[in-house]
Amino acid sequence: MPNDLSSPEAMSKPIVNRLVVIGLGLIGSSLAAAAREKGLANQVIGISRRTSTVEMALKMGIIDRGEASLTAIASELDAGDLLVIGVPTLAVSKVLQDCADLLSSEVTITDVASVKGSVIKAAMDVYGLVPRQLVPGHPIAGSEKSGVTAFNPHLFVDHRVILTPDTATGAHHLQRVTDIWSAVGATVTSMDVLEHDEILAATSHLPHFLAYSLVDTLASMGDNREIFRYAAGGFRDFTRIAASDPVMWRDIALANRESILVILDKVMGNFQEMRSAIDSGDQDYLMDVFTRARDARNNFGKILEQQALQGGIQSPMVEKTINYRVLPGGSARGDIRVPGDKSMSHRSIMLGSLADGLTEVTGFLEGEDSLATLQAFRDMGVIIEGPEKGRLAIHGVGLHGLKAPSKPLYLGNSGTSIRLLSGLLAGQAFDVELCGDASLSGRPMGRVAEPLRSMGAVIETAEGGRPPLKIKGGQMLHAIDYQMPMASAQVKSCVLLAGLYAQGTTSVIEPAPTRDHTERMLRGFGYQVSTDGSKASLGGGGQLSATRIDVPADISSSAFFMVAAAIVPGSDITLRHVGVNPTRVGVINILRQMGANIVLSNELDVGGEPVADVRVRYAPLKGITIPEDQVPLAIDEFPAIFIAAACAEGTTILSGAEELRVKESDRIQSMADGLVILGIDAQPTVDGICILGGQLGSGSVHSHDDHRIAMAFSIAALRASGEIIVLDCNNVGTSFPDFVGLAGQIGINLTSETMS
Ligand code: S3P
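Residues numbered from 1 in each chain as written. Predicted model: local features only at pLDDT ≥ 70, side-chain atom pairs only at ≥ 80, totals over all residues. Heavy atoms only, no water.

Caption draft 1: Focus on the pairing of strand β31 (residues 681–685). Sheet analysis places β31 next to strand β32 (residues 688–692), joined by five bridges and oriented antiparallel. When the bridges of β32 are listed, Pro-684 appears paired with Ile-689. Hairpin geometry of β31 and β32 is characterised by an intervening segment of two residues between the two adjacent antiparallel strands. (Pairing = 2+ DSSP bridges. Helix = DSSP H or I, 4+ residues; strand = E, 2+ residues; numbered from the N terminus.)

Caption draft 2: Layout of the pairing of strand β5 (residues 82–85). Going residue by residue along β5, you find Leu-82 and Val-84 tucked away on one face and Leu-83 and Ile-85 tucked away on the opposite face as well. When strand β2 (residues 16–22) meets β5, the two strands line up parallel, connected through four bridges. Looking at the pairing, Val-20 lines up with Leu-83 of β5. The sheet contact formed by β5 and strand β6 (residues 108–111) spans four bridges and is parallel. Of the residues in β6, the one forming a bridge with Leu-83 is Ile-109. Each parallel crossover has a hand, and for β5 linked through helix α3 (residues 92–102) to β6 it is right-handed. (Buried < 20%, exposed > 50% of the residue type's maximum accessible area, 1.4 Å probe, protein only. Right-handed = clockwise from strand over helix to strand, strands pointing away.)

Caption draft 3: Expanded view of the sheet that holds β31. Strand order in this open sheet of three strands is β30-β32-β31, and the pairing throughout is antiparallel. The outermost strands of the open sheet, each flanked by one partner alone, are β30 (651–654) and β31. Along the sheet, successive strands turn relative to each other by an average axial angle of 10°, direction set aside. Examined bridge by bridge, β30 and β32 share four bridges and lie antiparallel to one another. Each bridged residue has a counterpart across the sheet, and for Thr-652 the counterpart in β32 is Ile-691. The strands that helix α22 (residues 667–677) touches are β31 and β32; relative to β31, the one it contacts most, it runs at about 160°. (Axes fitted to C-alpha atoms, helices over the stretch in contact; angles between N-to-C directions. Contact = heavy atoms within 4.5 Å.)

Caption draft 4: Spotlight on the domain arrangement of the protein chain. One can read the domain layout of the protein chain as domain 1 (8–191), domain 2 (199–272), domain 3 (321–338 + 553–755) and domain 4 (342–550). Between the C-alpha centres of domain 1 and domain 4 there is a distance of 52 Å. (Domains from an automatic or database assignment.)

Caption draft 5: Structural detail: the packing of aromatic side chains. Applying the stated criterion across every chain yields a total of eight aromatic pairs. Ring geometry for Phe-156 against Trp-181: centres 4.9 Å apart, planes inclined by 75°, an arrangement best described as edge-to-face. You can see Phe-156 sitting in the loop between β8 (137–140) and β9 (160–163) and its partner Trp-181 sitting in helix α5 (residues 171–183), a full 25 residues away along the chain. Ring geometry for Phe-561 versus Phe-736: centroids 5.9 Å apart, planes at 75°, classification edge-to-face. (Phe/Tyr/Trp six-rings, centres within 6.5 Å; stacked < 30°, edge-to-face > 60°.)

Caption draft 6: The site of the ligand, seen in detail. Taken together, the residues surrounding the ligand are Ser-343, Arg-347, Thr-416, Arg-419, Arg-447, Ser-488, Ala-489, Gln-490, Arg-515, Ile-635, Asp-636 and Lys-663. Here an oxygen atom of the ligand and a backbone polar atom of Gln-490 are 2.8 Å apart. At 2.6 Å, a side-chain N or O of Lys-663 approaches an oxygen atom of the ligand. Coverage of the ligand by the protein amounts to 95% of the 390 Å² it exposes when considered alone. When atom positions are compared with the pocket grids, the ligand is found to occupy the largest cavity. (Near = heavy atom within 4 Å. Polar contact = N/O pair within 3.5 Å; in protein donor to acceptor, adjacent residues only side chain to side chain. Areas by Shrake-Rupley, 256 points an atom, 1.4 Å probe, with all protein chains shown as cover. 1 Å grid on protein atoms, 1.4 Å probe; cavity = no way out; pocket = protein on both sides within 12 Å on 5 of 7 lines; lining within 4 Å. Sits in = over half its atoms within 2 Å of the grid points.)

Caption draft 7: Structural detail: the confidence of the model for the protein chain. Summarising the model, the protein chain shows a mean pLDDT of 92, and 94% of its residues fall at 70 or more. Every residue in residues 7–11 is under pLDDT 50, and counting partners more than four places away or in other chains gives nine contacts. In this model, residues 304–318 is a region of pLDDT below 50 whose contacts with residues beyond four sequence positions or in other chains number 39 contacts. (pLDDT = per-residue confidence, 0-100.)

Caption draft 8: A look at α22. Along α22, the residues that are buried comprise Arg-667, Ile-668, Ser-670, Met-671, Ala-672, Gly-674 and Leu-675. Contact partners of the buried residues in α22: α21 (638–646), β31, β32, β33 (699–702) and α23 (707–716). In this structure Asp-666 caps α22, since a side-chain oxygen of it lies 3.2 Å from the backbone nitrogen of Ile-668. In the stretch just after α22, Gly-679 is the one whose phi turns positive, near 90°.

Caption draft 9: Structural view of empty space enclosed by the protein. Scanning the entire structure with this criterion turns up one cavity of 30 Å³ or more. As a volume, the largest cavity reaches approximately 350 Å³. When contributions to the lining of the largest cavity are tallied by element, the ones reaching two or more residues are α12 (342–354), α14 (415–425), α17 (489–499) and α23. Of the residues belonging to the lining of the largest cavity, the class tally is four nonpolar, nine polar and 15 charged. Summarising the domain contributions, the lining of the largest cavity has at least three residues from each of domain 3 (321–338 + 553–755) and domain 4 (342–550). (Points joined across faces, edges and corners; volume = space filled by probe spheres on them. Nonpolar A, V, L, I, M, F, W, Y, C, P; charged D, E, K, R; others polar.)

Caption draft 10: Broad picture of the sheet that holds β33. A sheet is described by the order of its strands in space; here four strands give the open sequence β33-β34-β11-β35, paired in mixed fashion. Edge positions in the sheet fall to β33 and β35 (749–755), since each has one partner strand and no second. Neighbour-to-neighbour, the strand axes of the sheet open up by a mean angle of 20°, direction not taken into account. Relative to β35, strand β11 (residues 321–327) runs antiparallel, the two sharing seven bridges. Its bridge partner being in β35, Val-326 is matched across the sheet by Leu-750. Where helix α24 (residues 739–746) meets the sheet, it contacts β11 and β35, and its direction lies at approximately 155° from that of β35.

Caption draft 11: Representation of the nonpolar core. Counting residues in hydrophobic clusters, the biggest one holds 83 residues, and the most contacted among them are Phe-561, Phe-638, Ile-643, Leu-675 and Phe-713. Among the elements that take part in this core, helix α19 (residues 555–567) stands out by supplying ten residues, more than any other. Apart from the residues lying within four places of it in its own chain, the contact partners of Phe-561 are Ile-336, Val-338, Ile-573, Leu-575, Phe-736, Phe-739, Leu-742, Ala-743, Ile-746 and Ile-748. Membership of the second largest hydrophobic core comes to 64 residues, among which are Val-361, Ile-459, Leu-522 and Ala-536. (Core = buried A, V, L, I, M, F, W, Y, C linked by side-chain atoms within 4.5 Å.)

Caption draft 12: Expanded view of the packing of helix α6 (residues 193–219) against helix α10 (residues 257–280). At their nearest, the axes of α6 and α10 sit 9 Å apart, and the two run at 55° to each other. Our classification of the angle between α6 and α10 gives oblique. As for how α6 packs across α10, the hand of that crossing is right-handed. Contact residues: α6 offers Asp-197, Glu-198, Ala-201, Ala-202, His-205, Leu-206, Phe-209 and Leu-210, while α10 offers Ser-259, Ile-260, Ile-263, Leu-264, Val-267 and Phe-271. For the contact of α6 with α10, a count of residues per class yields ten nonpolar, two polar and two charged. (Parallel < 35°, antiparallel > 145°, perpendicular 65-115°, else oblique. Left-handed = near helix turned anticlockwise from the far one by under 90°.)

Caption draft 13: Examining the packing of α12 against helix α13 (residues 368–379) more closely. Two elements in contact, α12 and α13, have axes separated by 9 Å at closest approach and are oriented at 10°. Between α12 and α13, the angle falls in the class roughly parallel. Touching Lys-342, Ser-345, His-346, Ile-349, Met-350 and Ser-353 of α12 are Asp-369, Ser-370, Thr-373, Leu-374 and Phe-377, all from α13. Looking at the contact of α12 with α13, its residues break down into four nonpolar, five polar and two charged.

Next comes the structure, spelled out in structure tokens:
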């Protein structure tokens with residue numbers, strides 16, 4: 001995996017004494033020009049065999065001094081100098097030979113070739129080992145234009161430079177190269193040589209060869225002027241890169257031969273399949289490929305928007321930190337609908353995929369968590385069209401139609417995805433691995449692994465029962481009666497989903513009511529689920545029939561605006577079409593008990609789920625002891641409720657909520673820390689918190705990478721005495737993609753700031 005190397009110190013100047021660039025092509029001359037413009041070297045020296053190139057570089061102010069060969073200056077160079085090899089890939093070996101013959105071992109050497117394995121091999125051939133002074137590098141920047149006249153000192157700004165240092169590479173050499181690239185505006189990462197060459201073969205080299213080949217094929221067909229005259233935008237876009245430098249691409253093709261052949265063979269195999277499908281009129285094959293590719297491209301397009309890469313397509317994303325700055329004095333007024341319910345969105349994908357037939361979903365939450373579930377099912381061969389403004393069409397494959405994914409399923413930040421999936425994957429015929437981001441990788445999975453094992457599943461977890469989960473396929477599951485030790489809808493759902501594949505009747509008994517969307521939605525798909533008090537049961541071996549699902553607005557997202565209206569005098573907000581399932585309305589019950597003015601209207605039943613419009617107007621709040629039976633019914637809303645408590649008169653006491661400690665962050669501690677920073681007396685306890693209402697002050701609080709903590713502190717600013725900065729709000733996108741937009745719409749003064 002790539003590592004980020006960029007450091008802010010890199011901006012001090014000059015970074016090197018002499019910068020010597022051998023080869024004044026687009027990359028070499030652009031780097032020289034950028035270094036000279038920014039004063040990153042005491043002297044910038046350009047070397048090119050062509051006198052005209054050197055003269056041009058001097059005339060255009062790209063370099064301070066020009067030479068025809070390294071021999072002319074090699075003896076002057078020493079520690080503190082940096083030599084950049086900017087020649088085509090296959091010529092690197094010859095330059096390295098000159099370096100070995102002429103250069104002090106103190107001079108740092110780097111290169112810019114697009115293939116790194118061949119550079120390492122050349123170094124081994126010349127030096128017998130990889131010298132400490134060599135830092136192989138590859139700036140992912142370029143254009144179809146080449147040569148010194150195409151130079152652009154801003155070419156590397158916001159582009160990636162990948163370094164592939166060897167274990168032998170000296171730390172100060174690596175630092176010097178990192179610093180110079182960072183100082184010209186690039187983001188520097190490091191990667192293993194083989195990984196680099198494989199990724200680039202697939203994402204950069206192959207597209208060039210396809211473009212060259214297509215243009216050449218068409219150009220050799222009869223009167224090609226006619227063909228090109230009628231060629232539309234698609235052809236132009238696809239073949240733009242066929243205007244690139246032939247020498248460079250010849251060298252890349254030969255230098256990265258092995259990785260390129262692997263991916264070329266794959267594509268040629270797929271071409272053959274496509275040819276047969278077209279020949280035999282196989283519509284399904286074509287739909288499968290086109291839908292999958294379109295969705296992958298759309299997803300990739302979103303990544304590209306964030307990266308603004310050009311010249312070479314790159315896979316690892318440049319992750320930027322998002323902070324929120326919220327000013328006091330805002331309001332909470334308006335009439336809005338927040339995005340779809342996260343729990344139901346996950347379940348719509350899961351059950352829609354396992355059903356027979358086409359399931360259409362509206363109101364689907366296009367947040368990162370539910371998209372992770374969606375991607376996991378695509379990875380298991382399910383065709384899912386959309387999402388397009390919350391609409392999906394899921395081509396269900398039946399309970400036994402999933403295919404083995406080719407790689408571990410990555411579930412990002414989403415606890416619901418990993419826990420529910422572990423249940424329904426325990427009964428599949430294939431092996432599968434489930435993993436996620438740093439937060440998810442720290443969350444307990446023993447709670448699902450244990451009951452599944454007692455059903456006969458074979459599951460391995462990492463140390464301490466954490467992800468990744470490795471599930472062995474082909475097991476015969478048998479039904480159990482499971483007495484859940486904690487009130488968890490994820491565990492209940494996991495066991496019930498495994499029960500679909502088990503012999504006999506699986507039952508789960510919960511210690512307190514938890515959200516019952518799985519049970520309700522299964523019934524919507526025509527599957528029989530019985531409930532008897534705290535016990536939910538289903539038999540294995542049935543079948544799900546496709547249906548339509550209308551996902552209501554998420555009460556958990558609505559909760560932030562309910563609290564916003566409840567704490568600011570003059571507020572009046574209506575939240576439309578909110579899911580008000582009795583197992584989710586703890587937040588309304590608790591806020592009402594604190595004195596909030598909340599009115600429900602337009603109450604409907606939509607596909608077995610109660611929905612209503614929720615109007616909240618300001619009324620003074622008072623502290624309460626939160627009834628423990630409300631805890632599971634408001635489990636995700638406590639960060640928002642704690643803000644209400646901070647604005648209430650008197651003390652609010654919460655107990656029986658130890659589950660909050662194992663959410664996306666330890667929500668008791670995260671909230672207590674932030675509230676204390678803002679001047680509120682908040683005392684965490686083992687299973688809850690004690691909050692004394694008071695005046696919220698200003699300050700910087702940390703979200704602990706937890707979406708709900710970030711949103712809770714954003715609304716706190718409404719009643720604060722000054723500005724609140726909420727750090728690290730990237731994860732808000734997991735559950736509430738347009739939080740910033742809707743917050744602004746109702747009158748909260750929130751700006752989102754992106755930091756490099
Ligand atoms: C969820 C259940 C809850 C909740 C989570 C979503 C679900 O988790 O906190 O955000 O969709 O089933 P637990 O089951 O761990 O309480």
